[in-house]
Amino acid sequence: MQARGLYAALNGHNRFRFKSPEHTVDHLVIGGGVIGLAVAQRLSQRFPRKSTYLVERHGTAGEETSSRNSEVIHAGLYYPPDSLKTKLCLRGRRLLYERCKAHNIPYIKTGKLVVARDEQRSYVESLYAKAQRLAWPPHSTPEDTHTPVLPAKLITGDEARQLEPNLHKDISAALWSPETGIVDSHTLMESLEKDIVDSDDSELVYSTKVVRVDPSRDRPGWVVQIVTGKSEQGDALLARTVINCAGLTAPLILNAMLPQSERIPMFFARGSYASYRGPGVKDVSHLIYPCPAIGKDKHAFHSLGTHLTLDLQGKVRFGPDLDWLEPPQDYEDPDFWQKHLVPDGSRLQLMYQAVKEYLPGVSEDGFQPDYCGVRPKLVGPGAGFQDFVFRRDKANGQGEGVMISLLGIESPGLTSSLAIGEYVVDDLMGKI
């Protein structure tokens with residue numbers, strides 16, 4: 001299938017005119033999802049004497065991608081070994097479990113089974129082989145290197161059914177990943193918010209959207225215009241460094257500075273989740289993932305398949321599936337995807353058909369629409385693997401005033417969040 005990319009830019013109709021800045025901040029983080037919070041928290045720790053502002057257009061943190069996902073702590077199985085997705089997932093998993101323990105954030109290390117039929121065995125075998133070759137990522141401690149970075153075990157179908165008796169009799173092999181878990185993402189974000197608020201020179205500003213960004217004309221940095229609440233006019237500030245963590249609309253901000261021919265497209269992939277109450281899942285205690293679709297025009301890197309996850313109360317849900325959203329033809333609305341967040345039953349039969357391939361005892365009547373999320377994509381269907389992108393732009397020809405844009409931060413973004421904060425602040429900003 002095809003999906004049209006959206007090339008919209010912030011303030012595309014020039015509604016907001018340039019304003020001279022009235023205030024100055026050292027660091028401005030745009031976006032208050034788990035990634036923006038992790039970056040702002042790391043900035044407040046690393047630079048306690050510099051000012052850090054985080055602005056978020058919604059009234060609370062994480063109202064978009066961060067609160068509409070599986071809340072899975074991924075082990076780091078799926079992506080190319082040298083990719084940022086793999087390295088930041090491995091590092092982030094370690095940091096996330098440590099933070100959960102230190103800050104009493106609810107989590108469960110459930111473990112995960114990636115299950116395969118005979119014709120899919122090569123896929124789980126390749127995952128296992130990759131897990132054996134992976135090295136510990138940057139910033140790991142010497143003590144870490146004495147243990148495998150990604151413990152995994154290939155098991156037979158019978159061994160998998162000993163762990164999960166409801167699995168299909170045709171499941172002939174599985175990969176067991178003991179480091180996979182689930183986390184309360186809202187409590188995680190609250191803990192990051194508290195660290196930021198407790199810092200002397202850091203501030204969280206909600207219900208405030210960025211409406212215009214310009215390179216500064218006189219001093220190094222970026223002139224950022226923001227509007228709070230329902231105000232008609234914005235306030236301008238000078239940000240010496242901008243970190244663009246706007247998630248689904250991160251390219252929108254960057255596109256405002258780029259020529260039309262160099263603009264970055266935005267693709268939007270909706271994932272629907274279904275709650276489940278019914279037969280076929282009795283006493284399930286691990287996450288269960290099918291092998292993703294592979295081959296020409298398949299979406300293995302876009303979606304990991306309709307899998308079984310658990311919440312912290314042990315309730316079963318299935319998802320996400322993959323549904324590419326088509327932007328409206330008649331106008332460039334970067335928030336059109338918000339109309340697609342209302343769950344309905346249109347995807348339930350497809351989800352049921354996918355799930356019964358590995359859990360044959362489930363009943364279609366047990367599936368109910370739960371919630372939807374939208375993943376920020378930089379490439380459309382059929383494009384293959386796309387890594388996280390961290391782009392640096394300078395406000396002037398002298399290399400002063402840096403903007404770091406985080407693009408395509410989808411799964412495993414939650415798992416990687418603390419490592420992304422570390423990477424942006426310690427590695428990328430350390431080179432400024």
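Computed from a predicted model, the values in this text were never measured in an experiment. (Residues numbered from 1 in each chain as written. Predicted model: local features only at pLDDT ≥ 70, side-chain atom pairs only at ≥ 80, totals over all residues. Heavy atoms only, no water.)

*Asks:* Just checking my understanding: could you explain the overall build of the protein chain for this structure?
*Replies:* Tallying secondary structure elements over the protein chain gives eight helices and 20 strands in all. The principal-axis extent of the C-alpha atoms belonging to the protein chain is close to 70 × 55 × 35 Å. When the 432 residues of the protein chain are sorted by exposure, 58% land in the buried category. Taking the contacts inside the protein chain whose residues are at least 6 apart along the sequence as the reference set, 75% of them involve residues at least 24 apart. Here the protein chain has roughly 18800 Å² of accessible surface; of this, 47% comes from carbon and sulfur atoms. (Helix = DSSP H or I, 4+ residues; strand = E, 2+ residues; numbered from the N terminus. Buried < 20%, exposed > 50% of the residue type's maximum accessible area, 1.4 Å probe, protein only. Contact = heavy atoms within 4.5 Å. Areas by Shrake-Rupley, 256 points an atom, 1.4 Å probe, with all protein chains shown as cover.)

*Asks:* Just checking my understanding: could you explain the sheet that holds strand β8 (residues 181-183) for this structure?
*Replies:* As summarised here, the arrangement of the three strands in space is β3-β8-β4, forming an open sheet in which the pairing is antiparallel. Across the chains shown, the open sheet's two edge strands, defined by having one partner strand only, are β3 (72-73) and β4 (107-108). In terms of strand pairing, β3 meets β8 through two bridges, oriented antiparallel. The residue bridging Ile-73 from the neighbouring strand is Gly-181, located in β8. (Pairing = 2+ DSSP bridges.)

*Asks:* Honestly, the confidence of the model for the protein chain in this entry has me stumped. Any pointers?
*Replies:* Any segment with low pLDDT has predicted coordinates that should not be analysed in fine detail. The pLDDT averaged across the protein chain works out to 94; a share of 97% of its residues lies at or above 70. In the model, residues 296-302 has pLDDT below 50 throughout and makes 23 contacts with residues more than four positions away in sequence or in other chains. (pLDDT = per-residue confidence, 0-100.)

*Asks:* Would you mind showing me how to read helix α5 (residues 185-198) here?
*Replies:* The α-helix advances 3.6 residues per turn, and as a result positions three or four apart in sequence lie on the same side. For α5, built from 14 residues, the straight-helix expectation of 20 Å at 1.5 Å per residue is met to within 8% by its first-to-last C-alpha distance of 20 Å. All buried positions along α5 are accounted for by Ser-185, Leu-188, Met-189, Ser-191, Leu-192, Glu-193 and Ile-196. Where α5 is buried, its residues meet α1 (34-46), α2 (84-103), β8, β9 (202-205) and α8 (413-428). The backbone nitrogen of His-186 lies 3.1 Å from a side-chain oxygen of the residue at the head of α5, namely Asp-184. (Expected span 1.5 Å × (residues − 1). Polar contact = N/O pair within 3.5 Å; in protein donor to acceptor, adjacent residues only side chain to side chain.)

*Asks:* Help me understand the pattern of salt bridges, please; the structure alone is not making it clear to me.
*Replies:* Pairing is possible between side chains of opposite charge, provided their charged atoms come close. Within this structure, the stated rule accounts for 28 salt bridges. Glu-64 is paired through a salt bridge with Arg-57; the nearest N and O atoms lie 2.8 Å apart. Residue classification places Glu-64 among the buried residues on the basis of a relative accessible area of 14%. Judged by its relative accessible area of 29%, Arg-57 is partly exposed. A salt bridge links Glu-179 to Arg-93, with the shortest nitrogen-to-oxygen separation between them at 3.9 Å. With Glu-179 in the loop between β7 (173-177) and β8 and Arg-93 in helix α2, this pair connects stretches of sequence that are 86 residues apart. The pair formed by Glu-179 and Arg-93 is uniform in burial state, with each residue classed as buried. Look at the salt bridges and you will find they share partners, linking Arg-42, Arg-46, Arg-91, Glu-422 and Asp-426 into a network. (Salt bridge = Lys/Arg side-chain N within 4 Å of Asp/Glu carboxyl O.)

*Asks:* I tried to follow the packing of α2 against α5 on my own but got confused; where do I start?
*Replies:* For any two helices packed against each other, one specifies the inter-axial angle together with the distance between the axes. Two numbers describe how α2 lies on α5: the axes approach to 11 Å, and their chain directions differ by 75°. As the angle between them shows, α2 and α5 are arranged roughly perpendicular. Listed contacts from α5 to Leu-96, Arg-99 and His-103 of α2 are Leu-188, Ser-191, Leu-192 and Asp-195. (Axes fitted to C-alpha atoms, helices over the stretch in contact; angles between N-to-C directions. Parallel < 35°, antiparallel > 145°, perpendicular 65-115°, else oblique.)

*Asks:* Which parts of the structure should I look at to understand the packing of aromatic side chains?
*Replies:* Each aromatic ring pair is specified by the distance between its two centres and by the angle formed by the two planes. Under the criterion given, the structure shown has nine aromatic pairs. Relative to Phe-367, the ring of Tyr-276 has its centre 5.0 Å away and its plane inclined at 65°; by these criteria the two rings are edge-to-face. Note that Tyr-276 is positioned in strand β13 (residues 267-276) and Phe-367 in strand β18 (residues 367-377), a separation of 91 residues in sequence. The class for Phe-367 is buried, based on a relative accessible area of 2%. Note on Phe-390 and Tyr-423: the rings are 4.9 Å apart at their centroids and 75° apart in plane angle, and the pair reads as edge-to-face. On the criterion of sequence distance, the pair formed by Phe-390 in strand β19 (residues 389-394) and Tyr-423 in helix α8 is long-range, its members being 33 residues apart. (Phe/Tyr/Trp six-rings, centres within 6.5 Å; stacked < 30°, edge-to-face > 60°.)

*Asks:* Hey, could you run me through the pairing of strand β11 (residues 222-228) in this one?
*Replies:* Along any regular strand, the residues point their side chains to alternate faces of the sheet. For β11, the tally of buried residues reaches six of seven residues, placing the bulk of the element in the interior. Joining the antiparallel neighbours strand β10 (residues 208-215) and β11 is a turn of six residues, in which Gly-221 adopts a positive phi near 135°. In the sheet, β11 pairs with strand β12 (residues 235-244) via five bridges, with the strands oriented antiparallel. Residue pairing for β12: Gln-225 is matched across the bridge by Ala-236. Two successive antiparallel strands, β11 and β12, enclose a turn made up of six residues, where Gly-229 displays a positive phi of approximately 60°.

*Asks:* What is the right way to read the side chain of Thr-306 from this model?
*Replies:* Counting through the fold element by element, Thr-306 comes out in the loop between β14 (287-290) and β15 (307-310). With residues up to four places along the chain from it excluded, the contact list for Thr-306 reads Pro-290, Phe-318, Gly-319, Pro-320, Asp-321, Met-351, Ala-354, Val-355 and Tyr-358.

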